[in-house]
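Here's the letter readout for the chains.
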Amino acid sequence: MLQLNENYMKLKQSYLFAEIAHRVNDYVAANPDKKVIRLGIGDVTKPLPQKTIEAMHQAVSHMAYAETFKGYGPEQGYDFLRERVVEYYKKNGASITMKDVFISDGAKSDTGNITDLFGPDNIVLIPDPVYPVYMDTNMMNGRNIKFMDANKENGFTPMPYEGLEADIIYICSPNNPTGAAYTREQLKEWVDFALKNGSLLLFDAAYECFIEDPAIPHSIYEIEGAKKCAIEFCSLSKTAGFTGTRCGYTIVPTELVVKSSTGEDVSVNAMWTRRQTTKFNGVPYIVQYAAAATLSEEGIEQCKANIAYYKENAKIIASCFENKGITYFGGSNSPYIWFECPNNMESWDFFDYLLQNAQVVGTPGAGFGKNGNNFFRLTAFGDRDNTIEAVARIDKLLS
């Protein structure tokens, strides 16, 4: 008789953003005359940089001629893009090699897929609140999950403590959903903990391009010793607007070695290579060619212009809560603003209240964990005029 992976039965019935879409669609259907402004899902609105578009057109033309046509590519990614990733890290003060770089279709996929490499009995430590993919993918595998409290008291940047037990530790900085970011000193504590305890850090750097504060590292590899205990995930989704184009990169240092049950030293880089060559056929050539142009000097400058646009949106949103005296996190070094719901409201109640009375869509903090129950997330990825209008509506509603 066919058996199911019944770990799936333990998942919430609906993925967070599917539930949001369901509620919004019901409201829109019932109120077709109302203009709804969406500041919920972290999807970008600015078009791809011009340098990216030009390269994409060039790559399409390459596919039209036998001399330049590309079929199957290397599963780890084309060297021309991996070299650009190495150069990008160097500019941010982190030294990696091409062999460390694996091109992917986005950080979301790899943060879930990386768990293929590790045994089911590992203790997985996940912050609460958290990006749902970390928890759900480990639940699908039936892993032993523990949570570390991220809250207002610790600035939503939980730290290691005496007696903490964890084999795999997820860290996202700047954080989704809270917008909080770890300083260099704080990340050094986590690296030291991992090295001392034989733990692995899974570091999600998807929002590093929003960092302005020099005290906040863009990469975990800016911290001494991190190559021996950390895997890093990043993408061009937020850096360059690739949410619909799909291209990212995962860094698995060759220095990262783990002992097997027989005492043998095993390269995690080699294991990931084997996994990818078996289960992944690589990112399309056209996308990788465009991504390489995006990470050129001209491409990066064009990306920065779009990022600056979103940063200004974040400041506009944050100023509303600052003026109201409402506690919030993010708004700088992050495209997210994470704020306390007024009058101690629970986040799903505030979601409905905001939608029905201001026609603004955000993300309920409860969707990210119990510590988010009285918090709410807004994104700076919207159109400027819509962002200004949404803030005016919120300001009026909270007056």
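Up top is the structure these notes are about.
The paragraphs below set out a description of the structure included in this document. Values in this document were obtained by computation on a predicted structure and should not be read as measured data.

## Here we look at the overall build of the chain
Counting its regular elements, the chain contains 12 helices and 15 strands. Dimensions along the principal axes, computed over C-alpha positions, put the chain at roughly 60 × 60 × 55 Å. Within the chain, contacts between residues separated by at least 24 positions form 73% of all contacts whose residues are at least 6 apart in sequence. For the chain, the exposed surface amounts to about 18100 Å²; the carbon and sulfur share of it is 50%. Between the mean site of the 38 positive side-chain charges and the mean site of the 49 negative ones, the chain shows a separation of 2 Å.

## Details of the pattern of salt bridges
According to the stated counting rule, one finds 18 salt bridges in the structure shown. The shortest N-O distance in the salt bridge between Asp116 and Arg275 comes to 3.0 Å. Remark: Arg275 occurs in helix H8 (residues 268-279) and Asp116 occurs in the loop between helix H4 (107-113) and strand E3 (123-128); sequence separation between them is 159 residues. On the basis of relative accessibility, which here comes to 38%, the residue Asp116 falls in the partly exposed class. Look at Arg275 and you get buried, because its relative accessible area is 13%. For Lys370, the salt bridge goes to Asp149, with nearest N and O atoms at 3.4 Å. Of this pair, Lys370 sits in the loop between strand E14 (363-364) and strand E15 (375-379) while Asp149 is found in strand E4 (residues 144-149), placing the two residues 221 residues apart along the sequence. Relative accessible area serves as the criterion here: at 59%, Lys370 is assigned to the exposed category. Looking at Asp149, the relative accessible area reads 40%, which means it is partly exposed.

## Structural notes on the packing of aromatic side chains
Following the criterion strictly, the structure yields 25 aromatic pairs and no others. Note on Phe156 and Phe329: the rings are 4.8 Å apart at their centroids and 80° apart in plane angle, and the pair reads as edge-to-face. You can see Phe156 sitting in the loop between E4 and strand E5 (168-172) and its partner Phe329 sitting in strand E11 (residues 328-330), a full 173 residues away along the chain. The exposure classification of Phe156 matches that of Phe329, with both residues buried. Where Phe156 meets Trp338, the ring centres are 5.9 Å apart and the plane angle is 85°; that geometry is what we call edge-to-face. Within this pair, whereas Phe156 is found in the loop between E4 and E5, its partner Trp338 is found in strand E12 (residues 336-340), the two being separated by 182 residues in sequence. In terms of burial, Phe156 and Trp338 fall into one category: buried. Lying over the aromatic face of Tyr336, Arg377 brings its terminal NZ or CZ to 4.1 Å of the ring centre.

About the criteria used
Per-chain numbering applies: the sequence of each chain, read as written, is numbered from 1 onward. Residue-level local features of this predicted model are given only where pLDDT is at least 70; pairs of side-chain atoms are given and counted only at 80 or more, and the full residue set underlies all totals for whole chains, interfaces and linings. Only hydrogens and water are set aside; all other atoms, that is, all heavy atoms of the structure, feed into the side-chain values. Secondary structure elements are taken from DSSP: a helix is a run of H or I of four residues or more, a strand is a run of E of two residues or more, and numbering for both begins at the N terminus. By the convention used here, residues are in contact when the closest approach between their heavy atoms is within 4.5 Å. Residue-level accessible areas treat just the shown protein chains as cover; the underlying method is Shrake-Rupley with a 1.4 Å probe. By the counting scheme adopted, Arg and Lys are positive, Glu and Asp are negative, and His together with the chain ends is not counted. Charged side chains are reduced to one point each, which is NZ for Lys, CZ for Arg, CG for Asp and CD for Glu. Whenever Lys or Arg places a side-chain nitrogen within 4 Å of a carboxyl oxygen from Asp or Glu, that contact is recorded as a salt bridge. Summary of the burial criterion: residues with accessible area below 20% of their type's maximum are buried, those above 50% are exposed, and those between are partly exposed, where the area comes from a 1.4 Å probe applied to protein chains only. Here a Phe, Tyr or Trp ring, Trp counted by its six-membered ring, pairs with any other such ring whose centre lies within 6.5 Å, and the pair is stacked when the planes are under 30 degrees apart, edge-to-face when over 60, and tilted otherwise. For a lysine, the NZ atom is tested; for an arginine, the CZ atom; a charge sits over a ring if that atom is within 6 Å of the ring centre and within 35 degrees of the ring normal.

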